[in-house]
Amino acid sequence: MSLIRNGELETDDWVYVSDDEELPRQGGIIVSASRWESEKQSLKVRPTPVGVRLNADMTLNGIAGDLHSIDLVALAFPMFTDGRAYSAARTLREKYGYKGEIRAVGNVLRDQLAFMTRCGFDSFEVGDAITPAILQNAISEIDTCYQPASDAGIPAYRLRHG
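Here goes a summary of the coordinates provided.

Conventions adopted
Residues numbered from 1 in each chain as written. Predicted model: local features only at pLDDT ≥ 70, side-chain atom pairs only at ≥ 80, totals over all residues. Heavy atoms only, no water. Phe/Tyr/Trp six-rings, centres within 6.5 Å; stacked < 30°, edge-to-face > 60°. Buried < 20%, exposed > 50% of the residue type's maximum accessible area, 1.4 Å probe, protein only. Salt bridge = Lys/Arg side-chain N within 4 Å of Asp/Glu carboxyl O. Helix = DSSP H or I, 4+ residues; strand = E, 2+ residues; numbered from the N terminus. Core = buried A, V, L, I, M, F, W, Y, C linked by side-chain atoms within 4.5 Å. Contact = heavy atoms within 4.5 Å. Pairing = 2+ DSSP bridges.

**Here's the deal with the packing of aromatic side chains**
- Applying the stated criterion across every chain, the model contains two aromatic pairs.
- An angle of 75° between the planes, with centres 5.2 Å apart, marks the rings of F77 and Y86 as edge-to-face. Side by side, F77 and Y86 carry an identical accessibility label, which is buried.
- Where F77 meets F121, the ring centres are 5.6 Å apart and the plane angle is 50°; that geometry is what we call tilted.

**Section: the pattern of salt bridges**
- Considering all chains together, one arrives at 14 salt bridges under this definition.
- Across the salt bridge formed by E101 and R103, the nearest N and O atoms sit 3.3 Å from each other. The exposure classification of E101 matches that of R103, with both residues buried.
- Connected through salt bridges with shared partners, the residues R5, E10, D12, D13, E101, R103 and E125 form a single ionic network.

**Some details on the environment of A114**
- Mapped onto the elements, A114 comes out in helix α4 (residues 113-119).
- What makes A114 buried here is its relative accessible area of 8%.
- Sequence separation of A114 and S140 is 26 residues, and the distance between their C-alpha atoms is 7.7 Å.

**What to know about the environment of D57**
- Here D57 lies in the loop between β5 (50-54) and α2 (61-64).
- For the pair D57 and R84, spaced 27 residues apart in sequence, the C-alpha to C-alpha distance is 7.8 Å.

**Let's talk about the nonpolar core**
- Within the largest apolar cluster, 35 residues are counted, with the highest numbers of intra-cluster contacts made by I63, V73, L75, M116, F121 and F124.
- Top contributing element to this core by residue count: helix α3 (residues 84-95), with five residues.
- Setting aside chain neighbours within four positions, we find L75 in contact with L54, A85, A88, A89, L92, I102, R103, A104, V105 and F121.

**Structural notes on unusual backbone geometry**
- Look at N6: it is not a glycine, yet its phi comes out positive at around 50°.
- As for its placement among the helices and strands, N6 is situated in the loop between β1 (2-5) and β2 (8-10).

**Some thoughts on the pairing of β1**
- Burial along β1 is two-sided: the residues S2 and I4 and L3 and R5 are all buried.
- In terms of strand pairing, β1 meets strand β8 (residues 123-126) through four bridges, oriented antiparallel. Pairing of S2 across the sheet is with V126, part of β8.
- With three bridges joining them, β1 and β2 adopt antiparallel strand pairing. Bridge pairing in β2 places L3 opposite E10.

Here it is, written out as structure tokens:
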């Protein structure tokens, strides 16, 4: 998998750690929501960055009160027809004011990149076929939006009515 963060292809310096795996001493880690819940006291004082991965069927309730201690939230797209992570990303940005990294993981497709960006995602785990140039093209090809989102785009109704 490749990682595109803030429009650039980057080496992923985060490591997914399964629930039964020992935590590495160095580097940023991403843990499951259940591991976060059971080990949050020790994870909060960890000297390296900590991220939490949420599956599409999970709510933000389990991490909402701890967002100040979470550096990255990875939201899973299990299939292209499951858009619950869009709502979760917008809620993180708009309701909770989350400033950390929101990463799209799983079935991340080129046709959805613009919408993911509008909802607040700033990094994407993608297959090797998606490059930063493809990401930029996907984001810029739709220049008018019909609804407000987490980005700075001005919806068409506001453009029409000044």
